[in-house]
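Each chain, written out:
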Amino acid sequence: MTLETQKKIAKKLIESIGEGTIDENPFHDDFAAWTSSSGNIPGQEYRRRAKLVKDCVKQGKLPIEIIGLTAEGERVAVQATADAELTDGNLYHNDYHFLVIFRDGKISYLYEYMNTKVALELLLPLIRAMN
């Protein structure tokens, strides 16, 4: 797989997290993730949680703006930012760094770094209310 193809897949993955359409991505059978707010997460649980984020946003999706993509080998680094009004009226802003790891042409592992204080204070109460 070319680096450009990996970058396109990584870009689609990050956009789909904000849109709640994460399951449309090519995940490896043993996909897993790590986030700065939760640590290691099985892939199925990460996808379940990612789909909840859109329901916290007044407009029905979290618009994630990709600032830059860098690819080397089996890795794509993505710098991104998100701004939105949440369903409780709070304004959400967070900066992200994602590291997407590929194996056999599919997404094998995802690292998601963010400002955990903002995510835990603003998103977590809304997500807990949905469960």
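Structure shown above.
Quick summary incoming for the structure in this document. (Residues numbered from 1 in each chain as written. Predicted model: local features only at pLDDT ≥ 70, side-chain atom pairs only at ≥ 80, totals over all residues. Heavy atoms only, no water.)

**Some thoughts on the sheet that holds strand 5 (residues 91–103)**
Next up, step 1: Sheet architecture is open: six strands sit in the order 2-1-6-5-4-3, paired in mixed fashion. The outermost strands of the open sheet, each flanked by one partner alone, are strand 2 (39–42) and strand 3 (64–72). Within the sheet, the average angular offset between the axes of one strand and its neighbour, ignoring direction, is 20°.
Next up, step 2: Of the pairings in the sheet, the one linking strand 5 to strand 6 (residues 106–114) comprises eight bridges and is antiparallel in character. When the bridges of strand 6 are listed, F102 appears paired with I107. (Pairing = 2+ DSSP bridges. Helix = DSSP H or I, 4+ residues; strand = E, 2+ residues; numbered from the N terminus. Axes fitted to C-alpha atoms, helices over the stretch in contact; angles between N-to-C directions.)

**Some thoughts on the pattern of salt bridges**
If the charged atoms of two oppositely charged side chains come close together, the side chains can form a pair.
Next up, step 1: Taken as a whole and assessed by the stated rule, the structure comprises ten salt bridges.
Next up, step 2: Here E4 and K7 are joined by a salt bridge, their closest N and O atoms 3.5 Å apart. Here the residue E4 and the residue K7 both occupy positions in helix 1 (residues 3–19), the gap between them amounting to three residues, near one helical turn.
Next up, step 3: Residue classification places K7 among the partly exposed residues on the basis of a relative accessible area of 22%.
Next up, step 4: One salt bridge connects E45 with R48, and the closest N-O pair in it is separated by 2.8 Å. Of this pair, E45 and R48 both sit in helix 2 (residues 43–53), three residues apart, roughly one helical turn.
Next up, step 5: Overall, the relative accessible area of 24% leaves E45 in the partly exposed class.
Next up, step 6: Residues joined by salt bridges that share partners form a network here, namely D23, R47 and K51. (Salt bridge = Lys/Arg side-chain N within 4 Å of Asp/Glu carboxyl O. Buried < 20%, exposed > 50% of the residue type's maximum accessible area, 1.4 Å probe, protein only.)

**Some points on the side chain of S16**
Next up, step 1: Along the chain, S16 turns up in helix 1.
Next up, step 2: Given a relative accessible area of 3%, S16 falls into the buried group.
Next up, step 3: Only 2.8 Å separates the side chain of S16 from the side chain of N25, close enough to count as a polar contact.
Next up, step 4: Discounting residues that sit within four places of it in the chain, S16 has contacts with T21, I22 and N25. (Polar contact = N/O pair within 3.5 Å; in protein donor to acceptor, adjacent residues only side chain to side chain. Contact = heavy atoms within 4.5 Å.)

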